[in-house]
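If you want the building blocks of each chain, they are given just below.
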Amino acid sequence: MAEQKRRGQLNCIKIMPKVKTDDQGRLVLPEAFSKQRLISSGTEYWLDEREGDLILHPRLPNARKVYIEPTTGCNISCRTCIRNVWDELEAQMAMDTFQRLVESLKDIPSLTRVIFTGFGEPLAHPHILEMVQSVRERDLAVTIGSNGLLLDASMARELIRLGVDRLVVSVDGVKPETYTGVRGAMLSQLLSNIRTLNEVKNQMGSLTPALGFEFVVLRSNVSELAELTRLASRLGASRVLVSNVLPYTEEMRSEILYGYEPSPPLAAGSWPVKADAWVMWGILELPRMYWGAERRCRFVQDRAMVVGWDGGISPCYALAHNYSYFAVDGRKKQVKRYVLGNVNDQPLAEVWMSEEYVRFRSEVRGFHFPSCPDCDLREGCDLRERNEGCWGWNPSCADCLWAQDIVRCP
(Lines give C-alpha, C1' and ligand atoms only; values in the text may rest on other atoms or scores of the structure.)
Protein backbone atom coordinates (compact mmCIF):
# COMPACT_ATOMS: atom_id res chain seq x y z
CA MET A 1 0.00 0.00 0.00
CA ALA A 2 2.82 2.42 0.88
CA GLU A 3 4.57 1.63 -2.41
CA GLN A 4 1.37 2.27 -4.37
CA LYS A 5 0.95 5.60 -2.57
CA ARG A 6 4.54 6.58 -3.38
CA ARG A 7 4.05 5.71 -7.07
CA GLY A 8 0.84 7.73 -7.10
CA GLN A 9 2.66 10.73 -5.70
CA LEU A 10 5.38 10.39 -8.33
CA ASN A 11 2.77 10.23 -11.07
CA CYS A 12 1.37 13.57 -9.85
CA ILE A 13 4.74 15.28 -10.19
CA LYS A 14 4.92 17.31 -13.38
CA ILE A 15 7.87 16.23 -15.53
CA MET A 16 9.85 19.23 -16.71
CA PRO A 17 11.03 18.99 -20.33
CA LYS A 18 14.76 19.36 -20.88
CA VAL A 19 15.78 22.10 -23.31
CA LYS A 20 19.10 23.15 -24.69
CA THR A 21 20.63 25.85 -26.82
CA ASP A 22 21.63 25.14 -30.39
CA ASP A 23 25.02 25.92 -31.91
CA GLN A 24 24.02 29.56 -32.31
CA GLY A 25 23.02 29.93 -28.65
CA ARG A 26 19.28 29.83 -29.35
CA LEU A 27 17.01 28.12 -26.85
CA VAL A 28 14.88 25.46 -28.54
CA LEU A 29 11.49 24.70 -26.97
CA PRO A 30 9.96 21.22 -27.36
CA GLU A 31 7.27 21.13 -30.05
CA ALA A 32 4.67 19.59 -27.72
CA PHE A 33 5.26 22.34 -25.14
CA SER A 34 4.91 25.09 -27.74
CA LYS A 35 1.63 23.62 -29.01
CA GLN A 36 0.25 23.30 -25.50
CA ARG A 37 1.06 26.93 -24.72
CA LEU A 38 -0.04 28.15 -28.20
CA ILE A 39 3.44 29.55 -28.82
CA SER A 40 4.25 30.02 -32.47
CA SER A 41 7.59 30.62 -34.16
CA GLY A 42 8.67 34.23 -33.95
CA THR A 43 7.11 34.76 -30.51
CA GLU A 44 8.91 37.41 -28.49
CA TYR A 45 9.80 37.01 -24.82
CA TRP A 46 10.80 39.16 -21.91
CA LEU A 47 13.86 37.61 -20.28
CA ASP A 48 13.85 37.89 -16.49
CA GLU A 49 15.64 36.50 -13.47
CA ARG A 50 14.30 35.86 -9.99
CA GLU A 51 16.45 34.51 -7.17
CA GLY A 52 18.77 32.80 -9.63
CA ASP A 53 16.02 31.34 -11.82
CA LEU A 54 15.83 32.18 -15.51
CA ILE A 55 12.30 33.21 -16.53
CA LEU A 56 10.91 33.63 -20.04
CA HIS A 57 7.72 35.69 -20.28
CA PRO A 58 6.02 35.25 -23.68
CA ARG A 59 4.71 38.51 -25.15
CA LEU A 60 1.26 37.24 -26.07
CA PRO A 61 -1.93 39.30 -26.57
CA ASN A 62 -3.85 36.73 -24.54
CA ALA A 63 -6.19 38.87 -22.41
CA ARG A 64 -9.66 37.36 -22.01
CA LYS A 65 -11.68 40.12 -20.31
CA VAL A 66 -11.77 43.89 -20.45
CA TYR A 67 -13.57 45.90 -17.79
CA ILE A 68 -14.65 49.32 -19.07
CA GLU A 69 -15.60 52.20 -16.78
CA PRO A 70 -17.91 54.43 -18.87
CA THR A 71 -18.33 56.99 -16.10
CA THR A 72 -17.45 57.81 -12.50
CA GLY A 73 -20.78 59.59 -12.09
CA CYS A 74 -23.76 57.93 -10.46
CA ASN A 75 -27.47 58.56 -9.99
CA ILE A 76 -27.42 57.57 -6.29
CA SER A 77 -25.13 57.94 -3.28
CA CYS A 78 -24.47 54.69 -1.42
CA ARG A 79 -23.00 54.47 2.09
CA THR A 80 -20.68 51.69 0.93
CA CYS A 81 -19.21 53.50 -2.07
CA ILE A 82 -15.61 54.50 -2.76
CA ARG A 83 -16.91 57.84 -4.02
CA ASN A 84 -17.39 58.89 -0.37
CA VAL A 85 -13.62 59.17 0.17
CA TRP A 86 -12.10 60.33 -3.08
CA ASP A 87 -11.68 63.82 -4.45
CA GLU A 88 -11.94 62.87 -8.13
CA LEU A 89 -14.37 64.75 -10.33
CA GLU A 90 -17.33 62.99 -11.89
CA ALA A 91 -16.34 62.29 -15.47
CA GLN A 92 -17.47 60.33 -18.52
CA MET A 93 -15.46 58.41 -21.07
CA ALA A 94 -15.20 60.45 -24.26
CA MET A 95 -16.40 58.65 -27.38
CA ASP A 96 -13.05 59.31 -29.08
CA THR A 97 -11.38 57.41 -26.22
CA PHE A 98 -13.94 54.63 -26.47
CA GLN A 99 -13.46 54.31 -30.24
CA ARG A 100 -9.70 53.96 -29.81
CA LEU A 101 -10.33 51.31 -27.17
CA VAL A 102 -12.77 49.38 -29.37
CA GLU A 103 -10.51 49.55 -32.42
CA SER A 104 -7.70 47.93 -30.42
CA LEU A 105 -9.86 44.98 -29.34
CA LYS A 106 -9.23 43.29 -32.70
CA ASP A 107 -5.57 42.82 -31.72
CA ILE A 108 -6.54 40.55 -28.80
CA PRO A 109 -7.78 37.30 -30.43
CA SER A 110 -8.38 35.50 -27.12
CA LEU A 111 -10.73 38.22 -25.82
CA THR A 112 -14.21 36.83 -25.07
CA ARG A 113 -16.01 39.31 -22.81
CA VAL A 114 -16.33 43.02 -22.10
CA ILE A 115 -17.80 44.15 -18.77
CA PHE A 116 -19.28 47.64 -18.49
CA THR A 117 -19.11 48.57 -14.84
CA GLY A 118 -16.86 50.49 -12.44
CA PHE A 119 -17.31 52.97 -9.60
CA GLY A 120 -20.04 54.84 -11.47
CA GLU A 121 -23.35 53.80 -13.03
CA PRO A 122 -22.75 52.59 -16.63
CA LEU A 123 -26.35 53.23 -17.71
CA ALA A 124 -25.88 56.91 -16.80
CA HIS A 125 -23.49 57.40 -19.73
CA PRO A 126 -25.45 59.09 -22.55
CA HIS A 127 -23.85 56.84 -25.18
CA ILE A 128 -23.87 53.53 -23.32
CA LEU A 129 -26.04 51.84 -25.96
CA GLU A 130 -23.65 52.92 -28.73
CA MET A 131 -20.80 51.49 -26.67
CA VAL A 132 -22.56 48.17 -26.22
CA GLN A 133 -23.42 48.00 -29.91
CA SER A 134 -19.81 48.63 -30.94
CA VAL A 135 -18.61 45.77 -28.73
CA ARG A 136 -21.36 43.39 -29.86
CA GLU A 137 -20.52 44.10 -33.52
CA ARG A 138 -17.18 42.48 -32.75
CA ASP A 139 -18.95 39.32 -31.56
CA LEU A 140 -17.86 39.75 -27.94
CA ALA A 141 -20.04 38.84 -24.96
CA VAL A 142 -21.19 41.78 -22.83
CA THR A 143 -21.88 42.00 -19.10
CA ILE A 144 -23.30 45.13 -17.48
CA GLY A 145 -23.02 45.80 -13.75
CA SER A 146 -25.67 48.28 -12.65
CA ASN A 147 -27.69 49.56 -9.72
CA GLY A 148 -30.73 48.87 -11.91
CA LEU A 149 -32.51 52.13 -11.17
CA LEU A 150 -32.21 53.47 -14.74
CA LEU A 151 -33.39 50.19 -16.24
CA ASP A 152 -36.75 51.29 -17.67
CA ALA A 153 -38.66 49.46 -20.41
CA SER A 154 -36.91 51.33 -23.22
CA MET A 155 -33.45 50.58 -21.83
CA ALA A 156 -34.38 46.93 -21.21
CA ARG A 157 -35.61 46.55 -24.79
CA GLU A 158 -32.39 47.97 -26.22
CA LEU A 159 -30.13 45.80 -24.04
CA ILE A 160 -32.04 42.72 -25.18
CA ARG A 161 -31.94 43.78 -28.83
CA LEU A 162 -28.20 44.38 -28.68
CA GLY A 163 -27.57 40.94 -27.19
CA VAL A 164 -26.28 41.77 -23.71
CA ASP A 165 -26.05 38.31 -22.18
CA ARG A 166 -25.47 39.14 -18.48
CA LEU A 167 -26.87 41.86 -16.25
CA VAL A 168 -25.68 42.05 -12.63
CA VAL A 169 -27.82 44.27 -10.39
CA SER A 170 -26.84 45.50 -6.92
CA VAL A 171 -29.39 44.48 -4.27
CA ASP A 172 -28.04 45.28 -0.80
CA GLY A 173 -31.24 44.74 1.12
CA VAL A 174 -34.49 42.82 0.84
CA LYS A 175 -36.38 45.00 3.28
CA PRO A 176 -37.23 48.47 1.89
CA GLU A 177 -35.73 50.25 4.89
CA THR A 178 -32.50 48.26 4.65
CA TYR A 179 -32.07 48.92 0.94
CA THR A 180 -32.81 52.63 1.39
CA GLY A 181 -30.38 52.80 4.31
CA VAL A 182 -27.54 51.49 2.13
CA ARG A 183 -28.43 52.88 -1.29
CA GLY A 184 -30.48 55.96 -0.52
CA ALA A 185 -33.05 54.83 -3.09
CA MET A 186 -36.38 53.00 -3.22
CA LEU A 187 -36.36 49.21 -3.37
CA SER A 188 -39.82 49.29 -4.98
CA GLN A 189 -38.37 51.14 -8.00
CA LEU A 190 -35.60 48.56 -8.44
CA LEU A 191 -37.99 45.59 -8.18
CA SER A 192 -40.39 47.25 -10.62
CA ASN A 193 -37.54 47.71 -13.12
CA ILE A 194 -36.48 44.07 -12.80
CA ARG A 195 -40.06 42.89 -13.36
CA THR A 196 -40.24 45.16 -16.40
CA LEU A 197 -37.04 43.60 -17.74
CA ASN A 198 -38.52 40.13 -17.35
CA GLU A 199 -41.74 41.20 -19.06
CA VAL A 200 -39.84 42.66 -22.02
CA LYS A 201 -37.72 39.50 -22.27
CA ASN A 202 -40.93 37.46 -22.48
CA GLN A 203 -42.40 39.80 -25.11
CA MET A 204 -39.23 39.55 -27.22
CA GLY A 205 -38.82 35.80 -26.65
CA SER A 206 -35.34 36.22 -25.16
CA LEU A 207 -33.64 34.38 -22.30
CA THR A 208 -30.97 37.04 -22.09
CA PRO A 209 -29.64 39.03 -20.43
CA ALA A 210 -29.31 36.44 -17.67
CA LEU A 211 -29.97 38.22 -14.41
CA GLY A 212 -27.64 38.16 -11.43
CA PHE A 213 -27.63 39.93 -8.06
CA GLU A 214 -24.67 41.42 -6.22
CA PHE A 215 -25.06 41.76 -2.44
CA VAL A 216 -22.58 43.65 -0.23
CA VAL A 217 -22.97 41.92 3.12
CA LEU A 218 -22.94 44.06 6.29
CA ARG A 219 -23.76 43.55 9.94
CA SER A 220 -26.97 45.46 9.27
CA ASN A 221 -28.17 43.30 6.34
CA VAL A 222 -26.65 39.82 6.79
CA SER A 223 -29.90 38.52 8.29
CA GLU A 224 -31.61 39.17 4.93
CA LEU A 225 -29.31 36.92 2.90
CA ALA A 226 -31.65 33.92 3.09
CA GLU A 227 -34.58 36.02 1.90
CA LEU A 228 -32.41 37.37 -0.93
CA THR A 229 -32.16 33.93 -2.52
CA ARG A 230 -35.95 33.61 -2.35
CA LEU A 231 -36.24 37.01 -4.03
CA ALA A 232 -33.75 35.84 -6.67
CA SER A 233 -35.95 32.80 -7.35
CA ARG A 234 -39.08 34.93 -7.73
CA LEU A 235 -37.36 37.39 -10.09
CA GLY A 236 -35.44 34.80 -12.14
CA ALA A 237 -31.93 35.69 -11.01
CA SER A 238 -29.66 32.71 -11.64
CA ARG A 239 -26.66 33.97 -9.68
CA VAL A 240 -26.14 35.82 -6.41
CA LEU A 241 -22.62 37.11 -5.78
CA VAL A 242 -22.00 38.06 -2.15
CA SER A 243 -19.08 40.34 -1.28
CA ASN A 244 -17.86 41.75 1.99
CA VAL A 245 -17.64 45.51 2.17
CA LEU A 246 -14.36 47.29 1.55
CA PRO A 247 -14.49 49.82 4.41
CA TYR A 248 -13.68 53.25 3.06
CA THR A 249 -15.09 55.01 6.14
CA GLU A 250 -15.19 54.47 9.90
CA GLU A 251 -18.92 53.86 9.57
CA MET A 252 -18.37 51.01 7.13
CA ARG A 253 -15.54 49.64 9.25
CA SER A 254 -18.10 49.08 12.01
CA GLU A 255 -20.18 47.05 9.53
CA ILE A 256 -17.56 44.45 8.55
CA LEU A 257 -18.14 40.77 9.33
CA TYR A 258 -14.67 39.39 8.51
CA GLY A 259 -11.46 39.47 10.52
CA TYR A 260 -8.34 37.52 11.45
CA GLU A 261 -9.92 34.52 13.12
CA PRO A 262 -11.51 31.68 11.12
CA SER A 263 -15.27 31.96 11.26
CA PRO A 264 -18.13 29.86 9.93
CA PRO A 265 -18.99 30.63 6.30
CA LEU A 266 -22.22 32.36 5.44
CA ALA A 267 -25.11 29.99 4.82
CA ALA A 268 -25.05 28.61 1.28
CA GLY A 269 -27.91 27.32 -0.79
CA SER A 270 -29.52 27.22 -4.23
CA TRP A 271 -32.95 27.99 -5.68
CA PRO A 272 -35.02 27.11 -8.72
CA VAL A 273 -34.92 29.52 -11.66
CA LYS A 274 -37.41 29.15 -14.50
CA ALA A 275 -35.90 29.67 -17.96
CA ASP A 276 -38.52 29.20 -20.68
CA ALA A 277 -39.61 25.56 -20.44
CA TRP A 278 -36.63 24.63 -18.29
CA VAL A 279 -35.91 24.96 -14.61
CA MET A 280 -32.30 25.36 -13.49
CA TRP A 281 -30.72 25.97 -10.12
CA GLY A 282 -29.35 29.31 -9.07
CA ILE A 283 -25.83 29.69 -7.70
CA LEU A 284 -24.85 31.52 -4.51
CA GLU A 285 -21.19 32.63 -4.52
CA LEU A 286 -19.89 33.50 -1.07
CA PRO A 287 -16.76 35.37 0.08
CA ARG A 288 -14.12 34.21 2.50
CA MET A 289 -14.79 35.54 6.00
CA TYR A 290 -11.24 35.71 7.43
CA TRP A 291 -7.66 36.57 6.49
CA GLY A 292 -5.94 33.40 5.29
CA ALA A 293 -2.70 32.09 3.86
CA GLU A 294 -4.05 31.45 0.36
CA ARG A 295 -3.88 34.51 -1.88
CA ARG A 296 -4.77 34.75 -5.56
CA CYS A 297 -5.88 37.52 -7.86
CA ARG A 298 -8.98 36.79 -9.92
CA PHE A 299 -8.17 39.66 -12.28
CA VAL A 300 -4.76 38.20 -13.16
CA GLN A 301 -6.05 34.64 -13.07
CA ASP A 302 -8.87 35.52 -15.48
CA ARG A 303 -6.47 37.53 -17.69
CA ALA A 304 -8.51 40.70 -17.22
CA MET A 305 -7.66 44.39 -17.40
CA VAL A 306 -9.50 47.54 -16.35
CA VAL A 307 -9.87 50.61 -18.59
CA GLY A 308 -10.84 53.75 -16.69
CA TRP A 309 -13.03 56.59 -17.99
CA ASP A 310 -9.94 58.49 -19.21
CA GLY A 311 -8.48 55.50 -21.08
CA GLY A 312 -5.98 54.65 -18.33
CA ILE A 313 -5.28 50.92 -18.13
CA SER A 314 -4.99 49.35 -14.67
CA PRO A 315 -4.56 45.68 -13.72
CA CYS A 316 -7.57 45.51 -11.37
CA TYR A 317 -10.27 47.47 -9.56
CA ALA A 318 -8.16 47.77 -6.41
CA LEU A 319 -5.57 49.85 -8.28
CA ALA A 320 -7.89 51.74 -10.64
CA HIS A 321 -8.40 54.90 -8.54
CA ASN A 322 -6.88 57.00 -5.74
CA TYR A 323 -8.68 56.38 -2.46
CA SER A 324 -8.27 55.35 1.17
CA TYR A 325 -9.64 52.36 3.06
CA PHE A 326 -9.11 50.39 6.26
CA ALA A 327 -7.07 47.16 6.04
CA VAL A 328 -8.14 43.96 7.80
CA ASP A 329 -6.40 45.04 11.02
CA GLY A 330 -7.92 48.53 10.94
CA ARG A 331 -4.87 50.37 9.57
CA LYS A 332 -5.87 53.23 7.27
CA LYS A 333 -4.29 52.89 3.85
CA GLN A 334 -3.97 55.37 1.00
CA VAL A 335 -4.04 53.68 -2.40
CA LYS A 336 -2.48 55.36 -5.41
CA ARG A 337 -3.82 54.57 -8.86
CA TYR A 338 -1.58 52.29 -10.91
CA VAL A 339 -1.75 53.04 -14.65
CA LEU A 340 0.30 50.92 -17.05
CA GLY A 341 -0.69 52.78 -20.22
CA ASN A 342 -3.52 54.62 -21.92
CA VAL A 343 -5.61 53.63 -24.94
CA ASN A 344 -5.28 57.19 -26.24
CA ASP A 345 -1.53 56.60 -26.62
CA GLN A 346 -1.15 52.85 -27.20
CA PRO A 347 -3.32 49.92 -28.33
CA LEU A 348 -4.54 47.62 -25.54
CA ALA A 349 -2.44 44.70 -26.75
CA GLU A 350 0.80 46.70 -26.62
CA VAL A 351 0.11 47.77 -23.04
CA TRP A 352 -0.85 44.19 -22.10
CA MET A 353 2.44 42.85 -23.52
CA SER A 354 4.62 45.63 -22.11
CA GLU A 355 7.54 44.66 -19.88
CA GLU A 356 6.05 46.27 -16.78
CA TYR A 357 2.59 44.72 -17.16
CA VAL A 358 3.95 41.26 -18.01
CA ARG A 359 6.28 41.30 -14.99
CA PHE A 360 3.52 42.59 -12.71
CA ARG A 361 1.21 39.69 -13.67
CA SER A 362 4.04 37.23 -13.08
CA GLU A 363 4.68 38.65 -9.61
CA VAL A 364 0.97 38.47 -8.78
CA ARG A 365 0.55 34.90 -10.05
CA GLY A 366 3.34 33.80 -7.71
CA PHE A 367 2.14 36.34 -5.14
CA HIS A 368 5.62 37.58 -4.33
CA PHE A 369 4.42 40.08 -1.74
CA PRO A 370 4.68 40.19 2.04
CA SER A 371 1.63 39.42 4.17
CA CYS A 372 1.56 42.72 6.01
CA PRO A 373 -1.38 41.96 8.35
CA ASP A 374 0.64 39.01 9.76
CA CYS A 375 3.88 40.92 10.25
CA ASP A 376 5.13 41.56 13.80
CA LEU A 377 6.31 45.03 12.70
CA ARG A 378 3.02 46.07 11.15
CA GLU A 379 2.05 48.57 13.87
CA GLY A 380 5.04 50.84 13.24
CA CYS A 381 5.48 50.34 9.50
CA ASP A 382 4.68 53.52 7.59
CA LEU A 383 4.75 51.66 4.26
CA ARG A 384 1.36 50.25 5.19
CA GLU A 385 -0.12 53.72 4.99
CA ARG A 386 0.48 53.48 1.23
CA ASN A 387 0.07 50.57 -1.17
CA GLU A 388 3.74 49.64 -0.81
CA GLY A 389 5.63 46.75 0.75
CA CYS A 390 9.09 46.33 2.27
CA TRP A 391 9.98 43.82 -0.45
CA GLY A 392 8.62 42.67 -3.79
CA TRP A 393 6.85 44.65 -6.45
CA ASN A 394 5.41 48.08 -5.78
CA PRO A 395 2.58 48.95 -5.80
CA SER A 396 2.15 46.06 -3.41
CA CYS A 397 -0.80 43.67 -3.19
CA ALA A 398 0.17 42.71 0.37
CA ASP A 399 -3.03 43.95 2.04
CA CYS A 400 -5.39 43.21 -0.86
CA LEU A 401 -8.82 41.98 0.27
CA TRP A 402 -9.72 41.03 -3.31
CA ALA A 403 -6.78 38.59 -3.36
CA GLN A 404 -8.19 37.02 -0.19
CA ASP A 405 -11.63 36.57 -1.83
CA ILE A 406 -12.99 38.65 1.06
CA VAL A 407 -14.09 41.31 -1.44
CA ARG A 408 -15.56 40.07 -4.73
CA CYS A 409 -16.44 41.60 -8.10
CA PRO A 410 -18.86 40.46 -10.84
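Here the structure is shown first, and the text comes after it.
As the structure is a prediction and not an experimental result, all values here were calculated from the model.

Engineer: Just checking my understanding: could you explain helix α8 (residues 225-235) for this structure?
Structural biologist: Every buried residue belonging to α8 is among Leu-225, Leu-228, Thr-229, Leu-231, Ala-232 and Leu-235, and all of these are buried. Here the buried residues of α8 occupy an arc of 160° about the axis, which is enough to place them on one side. Check the buried side of α8 and you find it contacts α7 (187-204), β9 (210-217), β10 (237-244) and β13 (283-285). Looking one or two residues beyond α8, the residue adopting positive phi is Gly-236, at roughly 80°.

Engineer: Even after reading the chapter, I still don't get the packing of helix α5 (residues 153-162) against α7, so can you show me in this structure?
Structural biologist: For any two helices packed against each other, one specifies the crossing angle of their axes together with the interaxial distance. In contact at an axis separation of 9 Å, α5 and α7 are set at 50° when each is read in the N-to-C sense. Judged by the inter-axis angle, α5 sits oblique to α7. Handedness of the α5/α7 crossing: right-handed. Across the interface between the two elements, Ala-153, Ala-156, Arg-157, Ile-160 and Arg-161 from α5 touch Thr-196, Leu-197, Val-200, Lys-201, Gln-203 and Met-204 from α7. Residue classes in the contact of α5 with α7 are distributed as six nonpolar, two polar and three charged.

Engineer: Honestly, the nonpolar core in this entry has me stumped. Any pointers?
Structural biologist: Note on soluble globular proteins: their nonpolar side chains tend to be buried together. One finds Phe-116, Phe-213, Phe-299, Leu-348 and Trp-402 to be the most contacted residues of the largest nonpolar core, which totals 117 residues. Setting aside residues no more than four positions away along its own chain, Phe-299 makes contact with Tyr-67, Ala-304, Val-306, Pro-315, Cys-316, Tyr-317, Trp-402 and Cys-409.

Engineer: Sorry if this is basic, but what is going on with the packing of aromatic side chains here?
Structural biologist: How two aromatic rings sit relative to each other is set out by the distance from centre to centre and by the angle between their planes. Per the counting criterion, the structure on display carries 12 aromatic pairs. On the numbers, 5.4 Å between centres and 65° between planes, the contact of Tyr-67 with Tyr-317 is edge-to-face. Taken together, the residues Tyr-67 in strand β5 (residues 65-68) and Tyr-317 in the loop between β15 (312-314) and β16 (323-326) connect sequence positions 250 residues apart. Residue Tyr-67 is classed as buried on the basis of its relative accessible area of 6%. A relative accessible area of 6% places Tyr-317 in the buried class. Relative to Tyr-317, the ring of Phe-299 has its centre 5.6 Å away and its plane inclined at 85°; by these criteria the two rings are edge-to-face. Highlighted residues: Phe-299 in helix α10 (residues 298-301) and Tyr-317 in the loop between β15 and β16, separated in sequence by 18 residues. In textbook terms, an aromatic cluster arises when at least three aromatic residues are bridged by ring pairs, as seen for Tyr-67, Trp-86, Phe-119, Phe-299 and Tyr-317. Lying across the ring of Tyr-290, Arg-288 places its NZ or CZ 5.9 Å from the centre. Taking the ring centre of Trp-352 as reference, the NZ or CZ of Arg-361 above it sits at 3.6 Å.

Engineer: Help me out: how do you make sense of the pairing of strand β6 (residues 113-116) in this one?
Structural biologist: Looking down a regular strand, the side chains alternate between one sheet face and the other. A two-sided burial pattern is seen for β6, the buried positions comprising Arg-113 and Ile-115 on one face and Val-114 and Phe-116 on the other. Summarising the sheet, β5 and β6 pair through four bridges and their orientation is parallel. Looking across to β6, one finds that Val-66 is bridged to Val-114. Handedness of the crossover is the feature at issue here: the chain leaves β5, passes through helix α3 (residues 95-104), returns alongside β6, and the resulting connection is right-handed. Two strands pair when backbone bridges link them, and β6 and strand β7 (residues 141-146) are joined in this way by four bridges, in the parallel orientation. Paired with Arg-113 across the strands is Ala-141, a residue of β7. A crossover links β6 with its parallel partner β7, the connecting element being helix α4 (residues 128-136), and its sense is right-handed.

Engineer: Please explain the pattern of salt bridges as it appears in this structure.
Structural biologist: A pair can form between side chains of opposite charge whenever their charged atoms are brought close. Going through the model one piece at a time under the given rule, you end up with 32 salt bridges. The shortest N-O distance in the salt bridge between Glu-251 and Arg-79 comes to 2.8 Å. Highlighted residues: Glu-251 in helix α9 (residues 250-253) and Arg-79 in the loop between β5 and α3, separated in sequence by 172 residues. Under the relative-accessibility criterion, Glu-251 is labelled partly exposed at 41%. For Arg-79, a relative accessible area of 24% gives the class partly exposed. Salt-bridge contacts for Asp-172 lead to Arg-183; the nearest nitrogen and oxygen are separated by 2.8 Å. One end of the pair, Asp-172, is in the loop between β8 (166-170) and α6 (176-183); the other, Arg-183, is in helix α6, and 11 residues separate them in sequence. What makes Asp-172 buried here is its relative accessible area of 0%.

Engineer: Got a minute to help me understand the layout of surface pockets in this structure?
Structural biologist: Gaps left between atoms are located by rolling a probe of water-molecule size over the structure's atoms. Each pocket or cavity is described by its volume, and for the largest pocket that value is around 1,300 Å³. Lining the largest pocket are 33 residues; nearest its centre among them are Phe-33, Arg-37, Ile-39, Leu-56 and Pro-58. Contributions of two or more residues to the lining of the largest pocket are made by β3 (45-50), β4 (53-58), α10 and α12 (355-366). When residues of the lining of the largest pocket are assigned to their parent elements, the largest contribution, six residues, is made by β4. Looking at the lining of the largest pocket residue by residue, the classes come out as 21 nonpolar, five polar and seven charged. By volume, the second largest pocket is sized at about 660 Å³. Contributing to the lining of the second largest pocket are 35 residues, with Gly-118, Phe-119, Ser-170, Arg-183 and Glu-214 lying nearest its centre. For the lining of the second largest pocket, the secondary structure elements donating two or more residues are β7, β8, β9 and β10. Its residues assigned to classes, the lining of the second largest pocket shows 17 nonpolar, 12 polar and six charged.

Engineer: Even after reading the chapter, I still don't get empty space enclosed by the protein, so can you show me in this structure?
Structural biologist: Within this structure, the stated rule accounts for one cavity of 30 Å³ or more. Considering the residues around the largest cavity, the lining is formed by 24 residues, among which Ala-318, Leu-319, Ser-396, Cys-397 and Cys-400 are closest to the centre.

So, how was this worked out
- All residue numbers refer to position in the chain's written sequence, counted from 1.
- Given that this is a predicted model, residues contribute local features only at a pLDDT of at least 70 and side-chain atom pairs are listed and counted only at 80 or more, while totals for whole chains, interfaces and linings are drawn from all residues.
- The basis for every side-chain value is the complete set of non-hydrogen atoms in the structure, without hydrogens or water.
- Only protein chains enter the accessibility calculation, which uses a 1.4 Å probe; a residue is then buried when its area is under 20% of its type maximum, exposed when over 50%, and partly exposed in between.
- The helix and strand labels rest on DSSP assignments: H or I over at least four residues marks a helix, E over at least two residues marks a strand, and numbering proceeds from the N terminus.
- In this description, the arc belongs to the directions extending from the helix axis to the C-beta atoms.
- We call two residues in contact whenever any of their non-hydrogen atoms come within 4.5 Å of each other.
- Interaxial angles span 0 to 180 degrees and are taken between N-to-C directions of axes, which are lines fitted to C-alpha atoms, for helices over the stretch in contact.
- Roughly parallel means an angle under 35 degrees; roughly antiparallel, over 145; roughly perpendicular, 65 to 115; everything else is oblique.
- Working rule for handedness: look at the near helix, and if it is turned counterclockwise from the far one by less than a right angle, call the crossing left-handed; if clockwise, right-handed.
- Lys, Arg, Asp and Glu make up the charged group, whereas Ala, Val, Leu, Ile, Met, Phe, Trp, Tyr, Cys and Pro make up the nonpolar group; the residues left over, Gly among them, are polar.
- Nine residue types can take part in a nonpolar core, namely buried Ala, Val, Leu, Ile, Met, Phe, Trp, Tyr and Cys, and a core is a set of them joined through side-chain atoms within 4.5 Å.
- Within 6.5 Å between ring centres, the rings of Phe, Tyr and Trp (the latter by its six-membered ring) count as paired, and their orientation is classed by plane angle as stacked under 30 degrees, edge-to-face over 60, tilted in between.
- Placement of a charge over a ring requires the Lys NZ or Arg CZ to be within 6 Å of the ring centre, with the centre-to-atom vector within 35 degrees of the ring normal.
- In this analysis, strands are considered paired if DSSP registers two or more bridges between them.
- With its strands directed away from the observer, a crossover is right-handed exactly when the path from the first strand over the helix to the second travels clockwise.
- Criterion for a salt bridge: a side-chain nitrogen of Lys or Arg within 4 Å of a carboxyl oxygen of Asp or Glu.
- Of the grid points, spaced at 1 Å and generated over the protein atoms alone, those admitting a 1.4 Å probe that cannot get out make up cavities, while open sets with protein on both sides within 12 Å along at least five of seven lines make up pockets; any residue with an atom within 4 Å of a point is treated as lining.
- Grid points are joined across faces, edges and corners, and a volume is the space filled by probe spheres set on the points.

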